[in-house]
Amino acid sequence: MRQELLNILAPITEEEKELLSGNSNVKQGLYTSQKHFTIESQKMLQEGKLIDVRPHTRFVRFPYHDHNYIEVFYVCQGSVTHLISGEEVTVHQGELLFLNQYVMHEILPTTENDIAINFIILPEFFDTTFSMIGRNNVLADFLISTLKEKNGISKYLYFQVSDNLQIQNLMENMIDSLVHKQGNEDQINRHTMGLVFLHLLNAVKSLK
C-alpha cells in the first residue's frame with residue numbers, strides 16, 4: 001500500500017488514545033445499542049450507504065461480537081489475529097478475511113504498526129458481484145449460503161493473496177475511494193468488489 005494512504009490510516013484515533021491512557025475496555029456503546037455485542041450497521045454506516053471503511057481499533061482485545069452486516073477485513077500492514085469459534089486465524093499484510101453477519105469472533109490486541117481496515121458492507125451491496133461471478137463456484141456459494149443465510153455452511157473465508165498484485169491494487173482503490181469520498185463510492189466499489197472476486201476465483205488455491 002502506498003505511503004500516502006497509510007499516513008491517513010495510521011494516526012491514533014480518539015478511541016485508541018483513551019485505551020492507551022488506561023481505559024482498558026472497548027466502549028461497546030460506540031458500536032451497539034444492544035446488550036448482546038452485535039456491532040450495528042446503523043452506527044457504522046451513513047444512512048443510505050451500502051459500504052464504508054474504518055480502521056481496526058488497536059491496543060485492545062476486542063471482545064467476542066457479531067455484526068448485522070458483512071465484514072471484509074483487510075490488513076494493510078503487520079498482522080491481526082482473530083479467534084473464530086475457538087480457531088485462531090492470523091491475517092497478515094495483504095490478506096483478506098470475509099466474515100458473515102452471524103459469526104462470533106474475538107480479535108487479539110495489536111500494536112501501533114498493525115494497521116487493518118474493516119469494510120462494513122450490507123448484503124445487497126454484493127448483488128453486482130453475483131452478476132459478475134456467476135453461480136456454482138466457491139465464492140458464489142459462499143455469498144449465497146454464508147453471507148445471506150443464517151445457517152450457511154461456512155462462517156468465513158480467508159485468502160492469502162498478499163502476492164496478488166491485481167487484488168492488492170483493487171483493495172487499495174476501494175479504500176482510497178471510501179477514505180476520500182469523492183462521490184459515487186457505492187457504485188464504483190460494487191464493480192471493484194466484483195473484480196476482486198473474479199481475481200479470487202483464479203486464486204482459490206489461496207483459500208484457507
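Draft legend 1. View of unusual backbone geometry. For F59, which is not a glycine, the phi torsion comes out positive at approximately 70 degrees. Inspection of the secondary structure assignment puts F59 in the loop between β2 (51-55) and β3 (62-67). Residue S85 is not a glycine yet carries a positive backbone phi of 50 degrees. In this structure, S85 sits in the loop between β5 (79-84) and β6 (87-92).

Draft legend 2. The pattern of salt bridges, seen in detail. Scanning the entire structure with this criterion turns up nine salt bridges. For R58, the salt bridge is made with E16, and the minimal N-O distance between the two is 2.8 Å. Taken as a pair, R58 in the loop between β2 and β3 and E16 in helix α2 (residues 14-20) lie far apart in primary sequence, 42 residues in all. A salt bridge links E18 to K27; the nearest nitrogen and oxygen atoms lie 2.9 Å apart. For E18, a relative accessible area of 34% puts it in the partly exposed group. The network of salt bridges with common partners includes R2, E4, E172 and D176.

Draft legend 3. Expanded view of the pairing of strand β4 (residues 70-77). Of all eight residues in β4, seven are buried, a share of seventy percent or more. In the sheet, β4 pairs with strand β9 (residues 115-121) via seven bridges, with the strands oriented antiparallel. When the bridges of β9 are listed, Q77 appears paired with I115. Strand direction decides the pairing type here: β4 and strand β7 (residues 96-99), joined by four bridges, are antiparallel. Within β7, the position partnered with Y74 by the bridge is L96.

Draft legend 4. Structural detail: the environment of A10. Turning to its location among the elements, A10 is positioned in the loop between α1 (3-9) and α2. Sequence-distant contacts of A10, that is, excluding residues within four places in its chain, are made with R58 and I115.

Draft legend 5. A look at the nonpolar core. With 60 residues, the main nonpolar core has L96, L97, F119 and M193 as its most contacted residues. In contact with L96, not counting residues within four places along its chain, are V72, F73, Y74, V91, L157, Y158, F159, V161, I167, M171 and V196.

Conventions adopted
- Residues numbered from 1 in each chain as written.
- Predicted model: local features only at pLDDT ≥ 70, side-chain atom pairs only at ≥ 80, totals over all residues.
- Heavy atoms only, no water.
- Helix = DSSP H or I, 4+ residues; strand = E, 2+ residues; numbered from the N terminus.
- Salt bridge = Lys/Arg side-chain N within 4 Å of Asp/Glu carboxyl O.
- Buried < 20%, exposed > 50% of the residue type's maximum accessible area, 1.4 Å probe, protein only.
- Pairing = 2+ DSSP bridges.
- Contact = heavy atoms within 4.5 Å.
- Core = buried A, V, L, I, M, F, W, Y, C linked by side-chain atoms within 4.5 Å.

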